[in-house]
Amino acid sequence: QVQLVESGGGLVQPGGSLRLSCAASGSILSINAMGWYRQAPGKQRELVAAITSGGVTNYADSVKGRFTISRDNAKNTVYLQMNSLKPEDTAVYYCNAEITDWNLRKSRSYDYWGQGTQVTVSS
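Residues numbered from 1 in each chain as written. Predicted model: local features only at pLDDT ≥ 70, side-chain atom pairs only at ≥ 80, totals over all residues. Heavy atoms only, no water.

Undergrad: Quick question: what am I supposed to make of the sheet that holds strand 3 (residues 18-25) here?
TA: Paired through backbone hydrogen bonds, the strands of a sheet run either parallel or antiparallel to each other. Here four strands make up an open sheet; going across it, the order is 1-3-8-7 and the pairing antiparallel. Of all strands in the sheet, those bounded by a partner on one side alone are strand 1 (3-7) and strand 7 (67-72). Averaged over all pairs of adjacent strands, the angle between strand axes in this sheet comes to 15°, irrespective of strand direction. (Pairing = 2+ DSSP bridges. Helix = DSSP H or I, 4+ residues; strand = E, 2+ residues; numbered from the N terminus. Axes fitted to C-alpha atoms, helices over the stretch in contact; angles between N-to-C directions.)

Structure (C-alpha cells):
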C-alpha cells in the first residue's frame, strides 16, 4: 500500500513564506511525475506545480516566480516552496504522485493523493 503524507501548512501573513513537504511511503517501485494541487471552498481543484522524474517543472501562471517545486528521489519526497504569499493562495494543498506499486501484480503506475494541508494567507 502506497500513501502520501503532507506537512508544512499553516497560517502566514501576506508576503510571507511557507514550505510544504510530501513524503511517499510503502511498496514503491518507482515514481514518475509529482505535483501539488490546491482547492479553495466552492472552487475546483487546480494544478499549482508539477515536476517530472527528470526534474522538468511546470507552474500555474498565478504562482510563477513565487513558488518552486523540487523533489528528493532518495527520500521519495516532493516540496513546494511558497514565497510572496497572497490571500488568493489560501486553499487546501494536495500532493499528487504517479507511482508504480510493486505489490500490485500488473506493472503500471497510478495516481496517488495526499490528504491535504491547509494554507491560509491573512493579515
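Undergrad: Please explain the packing of aromatic side chains as it appears in this structure.
TA: How two aromatic rings sit relative to each other is given by the distance of their centres and the angle of their planes. Taken as a whole and assessed by the stated rule, the structure comprises one aromatic pair. When the ring centre of Y94 is taken as reference, the NZ or CZ atom of R45 above it lies at 3.7 Å. The aromatic ring of Y110 is capped on one face by R108, whose charged end is 4.2 Å from the ring centroid. (Phe/Tyr/Trp six-rings, centres within 6.5 Å; stacked < 30°, edge-to-face > 60°. Lys NZ or Arg CZ within 6 Å of the ring centre and 35° of its normal.)

Undergrad: Just checking my understanding: could you explain the nonpolar core for this structure?
TA: Nonpolar side chains in soluble globular proteins generally cluster together in the buried interior. Ranked by internal contacts, the top residues of the largest apolar core, which has 32 residues, are W36, L80, M82, Y93 and I99. Going through the elements one at a time, strand 3, strand 4 (28-39), strand 5 (46-51), strand 7, strand 8 (77-82), strand 9 (91-101) and strand 11 (117-121) are the ones with two or more residues in this core. (Core = buried A, V, L, I, M, F, W, Y, C linked by side-chain atoms within 4.5 Å. Buried < 20%, exposed > 50% of the residue type's maximum accessible area, 1.4 Å probe, protein only.)

Undergrad: Explain the environment of I28 here, please?
TA: By the element assignment, I28 lies in strand 4. We classify I28 as buried; its relative accessible area is 17%. The spatial distance from the C-alpha of I28 to the C-alpha of V2 is 6.8 Å, given a sequence separation of 26 residues. Here I28 is in contact with V2, N76, I99, T100 and W102, once residues within four sequence places are set aside. (Contact = heavy atoms within 4.5 Å.)

Undergrad: Explain the pairing of strand 1 here, please?
TA: Along a regular strand, successive side chains alternate from one face of the sheet to the other. With burial as the criterion, only one face of strand 1 is covered, namely that bearing L4 and E6; the residues Q3, V5 and S7 on the opposite face remain uncovered. Strand direction decides the pairing type here: strand 1 and strand 3, joined by five bridges, are antiparallel. Within strand 3, the residue paired with E6 across the bridge is C22.

Undergrad: Explain the pairing of strand 5 here, please?
TA: Relative to strand 5, strand 4 runs antiparallel, the two sharing five bridges. Looking at the pairing, M34 lines up with I51 of strand 5. Linkage of strand 4 to strand 5, two consecutive antiparallel strands, is achieved through a turn of six residues, within which G42 is found at a positive phi near 75°. Relative to strand 6 (residues 57-59), strand 5 is paired through three bridges, and the arrangement is antiparallel. Within strand 6, the residue paired with A49 across the bridge is Y59. Turn length for the strand 5-strand 6 hairpin, with the two strands adjacent in sequence and antiparallel, is five residues, and the turn residue G55 shows positive phi of about 95°.

Nothing here speaks to function; it is all geometry.
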